[in-house]
Every structure is written in structure tokens, then in C-alpha cells.
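# A look at the structure
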Amino acid sequence: MGNSGSEVGQKGAVRLRKPERRQLAMVVQCADDLVRGLHPVRTVMALVEQLDVSGFCEPIRAREGVAGRDATDPRLLVGLWLYACVRGIGSARELARRCEESAPFRWMCGGVKVNHHLLSDFRCDHADALDALFTQVLVALVDKKLVRVSRISQDGVRIRVSAGSNSFRREERLQQLLAQAQQQVSELRKQLETPAQSAAVTARQRAARSRAAASRQQRLEQAIAQLPELKKRQAEAAKRAGKCKCGDQIRARQPRVSTTDADTRVMKMANGGFSPAANVQLATDTKSRAILGVDVCNESYDSAGLSEPMREQVE
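Thresholds applied
Residues numbered from 1 in each chain as written. Predicted model: local features only at pLDDT ≥ 70, side-chain atom pairs only at ≥ 80, totals over all residues. Heavy atoms only, no water. Helix = DSSP H or I, 4+ residues; strand = E, 2+ residues; numbered from the N terminus. Buried < 20%, exposed > 50% of the residue type's maximum accessible area, 1.4 Å probe, protein only. Areas by Shrake-Rupley, 256 points an atom, 1.4 Å probe, with all protein chains shown as cover. Pairing = 2+ DSSP bridges. Axes fitted to C-alpha atoms, helices over the stretch in contact; angles between N-to-C directions. Parallel < 35°, antiparallel > 145°, perpendicular 65-115°, else oblique. Left-handed = near helix turned anticlockwise from the far one by under 90°. Contact = heavy atoms within 4.5 Å. Nonpolar A, V, L, I, M, F, W, Y, C, P; charged D, E, K, R; others polar.

Let us now look at the overall build of the protein chain. In terms of helices and strands, the protein chain carries 11 helices and 8 strands. Sorting the 315 residues of the protein chain into buried and exposed places 27% on the buried side. Accessible surface, the protein chain as shown: approximately 22000 Å² in total, 49% of it carbon and sulfur.

Put into C-alpha cells, the structure is as follows:
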């Protein structure tokens, strides 16, 4: 309850209600009173309650008669992510913050504490199950005639990826880097076998360095594996364009692959520049604008070959 006070004005004392933020108060509140009866969050949870979440419960080890802490209800986590998508939230940290500060998300939690680690792990560990679950959501929308899959439009958008522009290397340089990585992995494994040689470095640090070196070697091997396909594409493109294959032109056209993300390709962006990017294909119902299919590829342009995989996915 605010604290009363007064200020003297031209016409006498003015009575004001001033906040007293240190005053204790006993608040009796039910979580169900946080949102109104027709709030959209109630519709989302009503839909989630009808979904089959048995696939999410199979890996849970918290069972009757077994010691340990109770697991978080998968329905709650599915509902949180579904409502987060409705509100345009894609970050686990932002979603965790909303669960503490936003009334609709607090209503969904109903007193259950969640953090960004739990939310992120759930989304990553159950990617396939979530795909199947949201397919059920689409089926329910079609059944209630909220979505009519009669005409589908497909288009692609190029999205900048985290690979740096200077991470692209030609075959010759990739082979050199691979040889260096293999040598480094071999040396680190010898250090693990004989820890006395590096007493100043702990076993944990040596293991971390070994994992990092092995990861780099694996990325380089993946990059080299992409070269034959790129060479084939460039040869076909050069043949169609009628270009000669001689001298410096051949070297200039040598394919380059990123050592950070081998599947990344340099694409022309909407601003006219070129950046490492991925081509995200979306299939959408033209009437309801519901997204029915999503695919990610490294094709620089939307070609006819991308339509058949999307058609099969939507069916």
C-alpha cells in the first residue's frame, strides 16, 4: 500500500500517493489469476494438452520407486517453446527471462522453475520428436479447417552463417592444414600417454587440447570431402558458359571450402554483396500462410531440383 504525503501548491496542500517499495505485504494469489480467461496462452496450452508427448517421456529416468529428483513435465516445455514461437522468441535465455518476468509465461510454468540450460537442452535433444509433434499440430489445424493445404508456395531466403569469409581455402591449402592437424593430434596423444613430459599442464587441459585438435582435423576432412562435388559443379558451369580451361583462369576457378563449416557456400545476398550463407527453403500454404515445410541447403539459387524434396516433406 502506498505511503501518503502532501506537497504545498498555490492552492494549498496536495495529497499524493507515494510508492513505498520497502513495505512488506502479504499477497494471496493463484497462478490461474495471472492471465484473463480468453488470453491466447490458454489456447496454446489447451492445444498442447491434446498432443501425444509419450516420446519425450521415454528417456526420462525419474520413475516411481527410483531415487532422484522429478523431471520437468514435457508438456510444459513443449508449451513454452510453442508459445515462444508465437511471440517471436527463439532464444533459450530470453525465454527463461520471460518465465520470470512475464505473466503469461509464469502462468504456464505454474510455479515450476526453468532455466535456459533446461530449455536449450530440451530443444536440441528432442529435435526429431519436436518435428513429429508439430506435424500433429499441423494435422489438427487442417482437421479444424484452419489451414487448407490446397495450394503451396515455395521460396528461399539466404541467411548469413557464422563461418568467416577468410575461412575458405583451396584444395592445396586444405591438404597442408590437414597434415598439420594430423601431426598435432598425434603429438597430443603422446602427451596424454606420457603425462610426465608436461607436468605444468594438467591432464584436463591436455584432454581439452586433444579434443580441439581432433575436432579441427574432422572439419578439415569434411571440407576436403566437399571438393569433388564442387569441382563437378564448376566444370558443368564452365561448360555451359563456354569458358576455356587454361592457366590462371583454372586456378582462379578452383573451388574453396570453409574450414569452419564445410557445408557453407558463398552466396550473393539481398544487399548485392557476397557472404557465407545458407539457403533456407520454406513451403507455405498460400491462404492461411502456415509454414508446412522447412529445408536448408547450400544451393546458391532456387532451382527446380529443390522442389521435389520439399514436396515429399510436405506430403
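Let's shift gears to the pairing of strand 7 (residues 274-285). Strand 7 sits mainly inside the fold: 10 of its 12 residues count as buried. The pairing of strand 3 (residues 152-160) with strand 7 spans 9 bridges and is classified as antiparallel. By the bridge assignment, Gln154 is partnered in strand 7 with Ala283. Linking strand 6 (residues 265-268) to strand 7, which pair antiparallel, is a turn of 5 residues; within it Gly272 sits at a positive phi near 90 degrees. Judged from the 6 bridges that link them, strand 7 and strand 8 (residues 291-297) form a sheet pairing that is antiparallel. Among the inter-strand pairings, Asn279 is bridged to a residue of strand 8, identified as Cys297.

Direction vectors running N to C along helix 4 (residues 92-101) and helix 6 (residues 116-125) enclose 130 degrees, while the axes themselves pass 8 Å from each other. Between helix 4 and helix 6, the angle is such that the two are oblique. Of the two possible hands of crossing, helix 4 and helix 6 adopt the one that is right-handed. Along its contact with helix 4, which presents Ala92, Arg93, Leu95 and Ala96, the element helix 6 presents His116, Leu119 and Ser120. Taken together, the residues of the contact of helix 4 with helix 6 sort by class into 4 nonpolar, 2 polar and 1 charged.

Attention shifts here to the packing of helix 3 (residues 74-86) against helix 6. Packing of helix 3 against helix 6 leaves a shortest axis separation of 11 Å and a crossing angle of 90 degrees. Taken as axis vectors, helix 3 and helix 6 run roughly perpendicular relative to one another. Contact residues: helix 3 offers Pro74, Leu77, Val78, Leu80 and Trp81, while helix 6 offers Leu118, Leu119, Phe122 and Arg123. A breakdown of the residues in the contact of helix 3 with helix 6 according to their chemical character gives 8 nonpolar, no polar and 1 charged.

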